[in-house]
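What follows is the residue order along each chain.
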Amino acid sequence: MTTNATRFLARATLAAAVLVHAQLASATMEVRANEIGGVVTSAAGPEAGVWVIAETNDLATPYAKIVVTDEAGRYLIPDLPKASYAIWIRGYGLADSNKVTARPGQTLDLTAVVAPDAAAAAKNYPAAYWYAMLKLPEASEVAKVPGGRNGYLMWIKNMGCVGCHQLGNLATRTLPANLESSGSSQAAWLRRISSGQAGGQMVGLAQGVLGGVPIKYLADWTDRIAAGELPSTRPTRPSGLERNVVATVRDWADAKTYLHDLSGTDRRNPTVNGYGPLYGSPELSTDNLAIFDPQRNVATSFRVPVRDADTPSAHDDAVVAPSAYWGTERIWGSRASVHNPMLDRRGRVWLTARIRAPANPAFCRKGSTHPSAIGFATEQSDRQLAVYDPKNGRYTFVDTCFSTHHLQFAEDANETLWTSGGREVVGWLDTRKFDQTGDAAASQGWAPFVLDTDGNGRLDAWTEPGQPVDPGKDTRLAVGFYAVMPNAADGSVWGTVAFRYPGALLRFDPRTKLSEIYNVPPPGYGVRGADIDRNGVVWVSLGSGHLGSFDRRKCRGPLNGPKATGDHCPEGWSFFRLPGPSFAGAPDESVESSYYTWVDQHDTLGLGANVPIATGNLFDGVHAYVAGKFVTLRIPYPLGFYVKGLEGRIDDASAGWKGRGLWLTSGDRTPWLKEGGKGTKPLIVHFQMRPSPLAH
């Protein structure tokens, strides 16, 4: 027998064996009337750990449900609404398969296509693997950046560039065709980041804070990719718990809107508003508060008002240079600038929202008799508070003397709403009093951050930031909260100190009005979004490519006094390297650039109580830290999903895995830079964890 004949016979035998395996495997599966299931095989045999995607446009909004195959290549897509679906496969090492039409109730075996070469396989890699190809500057090039090269990395990762965009996806690792004629790749990149209403901020970071260094390396990066260079490391397929995920993906808002965050329940009791609508905050982009009804698959909106006619608008921000996608159109036009939503126990939606121009009312300022103004008067606030009641459509303005950014309810009798973003103060609202009186001035308070450096346990006269230390006085800090997190364990309130190197955690005691600060030690740096667990342990996303945790109970030295100024408890910190490759020259750090960490205090996802979940901003999903290992939940379609905020909800505690899950929304400021391009809308995603890959 000839060699060719032998090879043909071997291939035919393998193909026959694969077919028999698929038929036997699918024959043992139960596929119910609202499910589609079967076996995925390729010429190489059963394909384990690949995604099977069912998508349809038959519903009120585009809908996709995504599952992962088990070790035998079997898949089961549960709970599909009645519709006609396109079913197809995407996975590492594969090229996308052809789409097959099916309806719920069908058993459907699928044929996967092995990628013909490395370039075809790399198209579906997470952005992290492409971003890791970016070269790092020499230490001398960034010597003037606070923190040196680590400080530079902090800014090009979660504090700056990747704080707004997923770098490494197809849109960002290539240059738009209409910018390629800029003269050079460096000129094209400078022109690119000058585009649109955020151009001034981007140029200010790249050219100002970082001295123009990123432009050189971004241009080199895209040049090498254009020449055919590929990632040097490859991702591994989902395994273990990662194969149990069911992801439901839908659209909401519109093609010119980005959504910073979402909420659909009360963090303290995540059964509130079960199966009810979710609300998305559009920040600078629009005043149309996004609303999604998951039961009817219907997206609507509520037009958020402002109180005063002279309230600023994002529309006033000029287009620095024409966008490659929108030209000179000012696509952002928000006045309310809603940053964060949060439901209360009654299902009302509290918002950090602008209601007026920055100048504060008289009760906030010097000369006021307001208790907080006597202690520390404030002259301006950029964003205030509001509350929307979906039951009656009522929208109530809450004027605050402090600026707001994020918000969280405490578990106290007053249902205190704590906020971040107040520059050098922390602000709060007694929502119980506000509901009773409608008096915003009487219901709010704020305080500066003061260290008890004289060590007597009381708030005393303090030295101002920059003044010499006085052993007989306390010390005021020129810092503010970025994240905010009330601690149910002891009533304290924690926050992150971001946008400075290396960053810190800050603790405020509402009873004494004293604060404590804890700087992040090496190898960590780049503190951004954080959350707290039921034991009072803070979990934080770090620009060093780590999930960090801080446990104040581990501190061995005094927590007040002249030495308790930030570096006094390194033993309280622990670091866990996030998934993903490394930059060449920084082998111990993941390139992952996590924006925020949220703690699942009440086991809403099904991975356990107090599980910290970090946003996987270069992985199209999130990283849950479970029993000492990261479990990555990824949205493989459309590529480019980027999340900032997330929230868990228990719709029905008696319904098992089907009654709980994690909700996320697109947070990239340019949502059209994902698969599908211009015209695509932000996504709303529901992650659920079933007990096995084939659970009904």
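Look above for the structure.
Everything numeric here is computed off the predicted structure, so don't read it as measured data.

Would you explain the overall build of the protein in this entry?
Check the secondary structure of the protein and you find 10 helices and 41 strands. At 26 Å, the protein has a C-alpha radius of gyration in line with the 26 Å of a compact globule built from 696 residues. For the protein, the proportion of contacts with a sequence separation of at least 24, taken over those separated by at least 6, is 62%. Accessible surface computed for the protein: about 25,900 Å², of which carbon and sulfur atoms make up 53%. Once the 70 positive and 67 negative side-chain charges of the protein are each reduced to a mean point, those two points are 2 Å apart.

Quick question: what am I supposed to make of the pairing of strand 28 (residues 493-497) here?
In the case of a regular strand, side chains alternate between the two sheet surfaces. With 5 of 5 residues buried, strand 28 lies mostly within the body of the structure. Burial along strand 28 is two-sided: the residues V493, G495 and V497 and W494 and T496 are all buried. Between strand 27 (residues 484-486) and strand 28, which follow one another and run antiparallel, lie 6 residues, and G491 among them has a positive phi close to 85°. Adjacent in sequence and paired antiparallel, strand 28 and strand 29 (residues 504-508) are bridged by 6 residues, among which F499 carries a positive phi angle near 65°.

I would appreciate a short explanation of the pattern of salt bridges in the present structure.
Pairing between side chains of opposite charge can happen when their charged atoms approach one another. Applying the stated criterion across every chain, the model contains 35 salt bridges. A salt bridge links R32 to E30; the shortest N-O distance between them is 3.3 Å. Among the residues examined, E30 registers a relative accessible area of 46% and is labelled partly exposed. A salt bridge links R649 to D651; the shortest N-O distance between them is 2.8 Å. With respect to burial, R649 and D651 carry one shared label: buried.

So what exactly am I meant to see when it comes to unusual backbone geometry here?
Backbone phi values are negative for most residues with the exception of glycine, while trans is the configuration of most peptide bonds. In this chain, Y501 is followed by P502 through a cis amide linkage whose omega measures 0°. Checked against the element boundaries, P502 lands in the loop between strand 28 and strand 29. Look at N273: it is not a glycine, yet its phi comes out positive at around 65°. Considering the arrangement of structural elements, one finds N273 in the loop between strand 12 (261-263) and strand 13 (278-281). Its identity as a non-glycine residue notwithstanding, E415 has a phi of 50°, on the positive side. Of note, E415 is situated in the loop between strand 20 (407-409) and strand 21 (416-419).

Can you help me understand the nonpolar core in this one?
Soluble globular proteins tend to pack their nonpolar side chains together in the buried interior. Within the largest apolar cluster, 96 residues are counted, with the highest numbers of intra-cluster contacts made by Y131, I613, V622, L662, L664 and F687. The biggest single contributor to this core is helix 7 (residues 213-226), with 7 residues. Dropping the residues within four chain positions of it, Y131 is found in contact with I156, V162, L167, G168, W221, F583, V591, S593 and L618. Formed by 23 residues, the second largest nonpolar core is a distinct cluster that contains Y63, I89, A102 and W657.

Could you clarify how one ought to interpret the sheet that holds strand 14 (residues 288-293) in this entry?
Strands belonging to one sheet form pairs held by backbone hydrogen bonds; the direction of such a pair is parallel or antiparallel. Sheet architecture is open: 4 strands sit in the order 12-13-14-15, paired in antiparallel fashion. The sheet is open, and its two borders are formed by strand 12 and strand 15 (298-303), each paired with just one other strand. Averaged over neighbouring strand pairs, the angle between their axes works out to 25° when direction is ignored.

Even after reading the chapter, I still don't get the side chain of H260, so can you show me in this structure?
Structurally, H260 is set in the loop between strand 11 (245-251) and strand 12. Of the polar contacts made by the side chain of H260, one reaches the side chain of H339; its length is 3.1 Å. When near neighbours in sequence (up to four residues on either side) are disregarded, H260 contacts S281, E283, H339, N340, H406, Y595, K644 and G645.

So what exactly am I meant to see when it comes to the side chain of H405 here?
The topology assignment puts H405 in the loop between strand 19 (394-398) and strand 20. Judged by its relative accessible area of 18%, H405 is buried.

Is there a simple way to think about the sheet that holds strand 21 in this case?
Taken in spatial order, the 4 strands line up as 20-21-22-23 in an open sheet, and their pairing is antiparallel. Edge strands, defined here as strands with exactly one partner in the open sheet, are strand 20 and strand 23 (444-448). Looking at each pair of strands side by side, their axes are set apart by 20° on average, direction ignored.

What is the right way to look at helix 7 in this model?
Three- or four-residue spacings in an α-helix give side chains the same orientation, since the helix completes a turn every 3.6 residues. With 14 residues, helix 7 ought to run about 20 Å at 1.5 Å a step, and its terminal C-alpha atoms sit 21 Å apart, in line with that. Among the 14 residues of helix 7, 10 are classified as buried, and the element is accordingly described as predominantly covered. Every buried residue belonging to helix 7 is among V213, P214, I215, Y217, L218, A219, W221, T222, R224 and I225, and all of these are buried. The inward-facing, buried residues of helix 7 contact helix 3 (127-131), helix 4 (148-156), helix 5 (185-193) and helix 6 (199-209). Just downstream of helix 7, G228 is the residue with a positive phi angle, here 110°.

What am I meant to see in the environment of G524 here?
Within the secondary structure, G524 sits in the loop between strand 30 (515-519) and strand 31 (527-532). Classification of G524 as buried rests on a relative accessible area of 4%. Placed 215 residues apart in sequence, G524 and A309 show a C-alpha to C-alpha distance of 45 Å. Discounting residues that sit within four places of it in the chain, G524 has contacts with L542, S544 and F575.

Please clarify how the environment of K554 should be interpreted in this entry.
Structurally, K554 can be placed in the loop between strand 33 (546-550) and strand 34 (573-577). For K554 and R356, which are 198 residues apart along the polypeptide, the C-alpha to C-alpha distance reads 44 Å. Excluding anything up to four places from it in sequence, K554 contacts E571, G572 and S574.

Calculation criteria
Residues numbered from 1 in each chain as written. Predicted model: local features only at pLDDT ≥ 70, side-chain atom pairs only at ≥ 80, totals over all residues. Heavy atoms only, no water. Helix = DSSP H or I, 4+ residues; strand = E, 2+ residues; numbered from the N terminus. Rg over C-alpha atoms; globule rule 2.2 N^0.38 Å. Contact = heavy atoms within 4.5 Å. Areas by Shrake-Rupley, 256 points an atom, 1.4 Å probe, with all protein chains shown as cover. Lys, Arg positive; Asp, Glu negative; His and termini not counted. Charge placed at Lys NZ, Arg CZ, Asp CG, Glu CD. Buried < 20%, exposed > 50% of the residue type's maximum accessible area, 1.4 Å probe, protein only. Pairing = 2+ DSSP bridges. Salt bridge = Lys/Arg side-chain N within 4 Å of Asp/Glu carboxyl O. Core = buried A, V, L, I, M, F, W, Y, C linked by side-chain atoms within 4.5 Å. Axes fitted to C-alpha atoms, helices over the stretch in contact; angles between N-to-C directions. Polar contact = N/O pair within 3.5 Å; in protein donor to acceptor, adjacent residues only side chain to side chain. Expected span 1.5 Å × (residues − 1).

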